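Listed below, chain by chain, are the residues.
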Amino acid sequence: MGPGQNSAVRVEWIAAVSLAAGAAAVGYLAYKKFLSKDKCCKAMVNPRIQKDNPKVVHAFDMEDLGDKAVYCRCWRSKKFPLCDGSHTKHNEETGDNVGPLIIKRKEA
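1. Focus: the nonpolar core
Point 1. Counting 6 residues, the largest nonpolar core consists of I49, C72, C74, W75, F80 and V98.
Point 2. Filtering out sequence-adjacent residues up to four positions away, F80 remains in contact with I49, V56, H58, C72 and W75.

Given below as structure tokens:
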């Protein structure tokens with residue numbers, strides 16, 4: 001093997017490594033875009049409540065609340081916006097720690 005052949009082998013080797021690295025990078029990016037399950041930040045919070053509305057909003061007058069009101073924050077309550085305890089099952093299934101919003105009158 002002469003000095004010219006050694007240089008040609010080195011150039012071919014560099015070209016092959018560059019091509020493999022480029023293919024690996026493209027494959028990784030395609031995997032992240034299309035197959036990755038890591039989509040936590042893009043998941044919907046509200047699975048079914050008033051999906052035909054652009055925004056779900058509930059307003060209550062303080063006088064109408066009574067002594068205590070318990071509101072859902074997990075979006076899974078069958079009595080939404082009131083809490084029915086659905087967060088317990090949600091927390092067990094997902095490892096989340098969401099709970100209700102409790103509003104009560106201050107004791108005098």
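2. Quick look at the pattern of salt bridges
Point 1. Enumeration according to the criterion identifies 1 salt bridge in this entry.
Point 2. Across the pair K89 and E93 runs a salt bridge, and its minimum N-O distance is 3.8 Å. Of the two residues, K89 and E93 are both situated in helix 2 (residues 86-94); the distance of 4 residues between them amounts to about one turn of the helix.
Point 3. By relative accessible area, K89 is classed as exposed at 55%.
Point 4. Residue E93 is classed as exposed on the basis of its relative accessible area, which comes to 59%.

3. Description of helix 2
Point 1. When helix 2 is considered as a whole, its buried residues turn out to be S86, H87, H90 and N91. Take helix 2 and look down its axis: the buried residues cluster within an arc of 130°, on one side only. Facing away from the buried side of helix 2 by more than 90 degrees, the exposed set consists of K89, E92 and E93.
Point 2. Note on helix 2: the residue one or two positions beyond its end, G95, has a positive phi of about 80°.

4. Focus: the pairing of strand 1 (residues 68-71)
Point 1. Only one face of strand 1 is covered, namely the one carrying A69 and Y71; the face carrying K68 and V70 has none of its residues buried.
Point 2. Bridge count for strand 1 against strand 2 (residues 101-104) is 4 bridges, and the pairing is antiparallel. Bridge pairing in strand 2 links K68 to K104.

5. Re the confidence of the model for the chain
Point 1. Per-chain confidence: the chain averages 83 in pLDDT, with 87% of residues scoring 70 or above.
Point 2. Mean pLDDT across the secondary structure elements of the chain bottoms out at helix 1 (residues 3-34), with 82, and peaks at strand 1, with 92.

6. Observations regarding the side chain of S77
Point 1. Among the secondary structure elements, S77 is positioned in the loop between strand 1 and helix 2.
Point 2. A distance of 2.6 Å separates a polar atom in the side chain of S77 from the backbone oxygen of L82.
Point 3. At a separation of 3.4 Å, a polar atom in the side chain of S77 contacts the main-chain amide nitrogen of D84.
Point 4. Among all residues touching S77, those that are not within four sequence positions of it are R48, I49, C72, L82, C83, D84 and S86.

7. Quick notes on a nonpolar patch on the surface
Point 1. Where nonpolar side chains cluster on the molecular surface, the patch consists of Y28, L29, Y31, F34 and L35 and spans about 620 Å² of accessible area.
Point 2. Here F34 is to be found in helix 1.

8. A closer look at the packing of aromatic side chains
Point 1. All chains considered together, the criterion is met by 2 aromatic pairs.
Point 2. Ring centres of W75 and F80 lie 4.9 Å apart, and the angle between their planes is 20°; this geometry places the pair in the stacked category. Residues W75 and F80 agree in their burial class; the two are buried.

Calculation rules
Residues numbered from 1 in each chain as written. Predicted model: local features only at pLDDT ≥ 70, side-chain atom pairs only at ≥ 80, totals over all residues. Heavy atoms only, no water. Core = buried A, V, L, I, M, F, W, Y, C linked by side-chain atoms within 4.5 Å. Buried < 20%, exposed > 50% of the residue type's maximum accessible area, 1.4 Å probe, protein only. Contact = heavy atoms within 4.5 Å. Salt bridge = Lys/Arg side-chain N within 4 Å of Asp/Glu carboxyl O. Helix = DSSP H or I, 4+ residues; strand = E, 2+ residues; numbered from the N terminus. Arc of directions from axis to C-beta. Pairing = 2+ DSSP bridges. pLDDT = per-residue confidence, 0-100. Polar contact = N/O pair within 3.5 Å; in protein donor to acceptor, adjacent residues only side chain to side chain. Patch = residues over 30% accessible without salt bridge, like charges linked within 9 Å, V, L, I, M, F, W, Y side chains within 5 Å. Areas by Shrake-Rupley, 256 points an atom, 1.4 Å probe, with all protein chains shown as cover. Phe/Tyr/Trp six-rings, centres within 6.5 Å; stacked < 30°, edge-to-face > 60°.

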